[in-house]
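# Fold and geometry: a report
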Amino acid sequence: MQMEMRALVLAAMAAVLQAAAAAVTTYTVGAPNGLWDLQTNYAEWVATKTFHPGDNITFTYSPELHDVVEVSKAGYDACSSINNVSAFRTGNDVVPLTAVGTRYFLCGLTGHCDSGMKIRVDVVAAAGSSPGPAAAAPTSAAASSATGIVGLGVLLVAVQDAIVSRALQFSIV
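Given the structure is predicted, the values throughout are model-derived calculations rather than measurements. (Residues numbered from 1 in each chain as written. Predicted model: local features only at pLDDT ≥ 70, side-chain atom pairs only at ≥ 80, totals over all residues. Heavy atoms only, no water.)

### Observations concerning the overall build of the protein
A count of helices and strands for the protein gives 4 helices and 7 strands. Listing each helix as α and each strand as β along the protein from the N terminus yields α-β-α-β-β-α-β-β-β-β-α. Buried positions account for 32% of the 173 residues belonging to the protein. Once local pairs closer than 6 in sequence are excluded, the contacts in the protein between residues at least 24 apart make up 73%. Only carbon and sulfur atoms are counted for the fraction: they give 62% of the accessible area of the protein, which is about 10,000 Å². (Helix = DSSP H or I, 4+ residues; strand = E, 2+ residues; numbered from the N terminus. Buried < 20%, exposed > 50% of the residue type's maximum accessible area, 1.4 Å probe, protein only. Contact = heavy atoms within 4.5 Å. Areas by Shrake-Rupley, 256 points an atom, 1.4 Å probe, with all protein chains shown as cover.)

### Quick notes on the sheet that holds strand β7 (residues 118-123)
Hydrogen bonding along the main chain pairs the strands of a sheet, whether they run parallel or antiparallel. Taken together, 4 strands build an open sheet; the order of strands is β4-β3-β6-β7 and the sheet is antiparallel. Both outer strands of the open sheet, β4 (86-88) and β7, are each paired with one neighbouring strand and no more. Strand-to-strand, the axes of this sheet are offset by a mean angle of 25°, without reference to chain direction. Of the pairings in the sheet, the one linking strand β3 (residues 68-71) to strand β6 (residues 101-106) comprises 3 bridges and is antiparallel in character. Bridged to Glu70 within β6 is Phe105. (Pairing = 2+ DSSP bridges. Axes fitted to C-alpha atoms, helices over the stretch in contact; angles between N-to-C directions.)

### Digging into the pairing of β3
On β3, burial covers both faces: Val68 and Glu70 on one face and Val69 and Val71 on the other are all buried. Taken together, the 3 bridges between β3 and β4 define a ladder with antiparallel strand orientation. Residue Val69 lies in a different strand from β4, and its bridge partner there is Ala87.

Structure follows, in structure tokens:
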């Protein structure tokens, strides 16, 4: 009986973790017809997307030709990367969208933002969830997700142990 209970709890844990992982969407900026480049119309691209906390956006580009800089609204409006929030230069940058709010990104190379290489990302609450805090500088979403998953795992193991303990009490009596 104890082994059957453990198997049941482990199956439930696997189902919960799979559902949590499936809820995250990763968007490649500009895809499928473009990337982070001077040819893509980012206003059109972003208009077809709905971003939620937990989603990721990936910027794919040649690091010799471009970069990605997160800026304030003022920096976005002025196409200025001075006093940026963060900068990315790998050519395959994944940015976690951790909270509801608006995030602003641009290419910091001279003239690229003025040529349209900038994007405003509005992160909205998922249906049926509370909006949460406004977006701030990026944090480690992986760490937050891992902490949540570990906490869920600990909870499920505790529930499993309680069920097994209770089942043993009944089988002894």
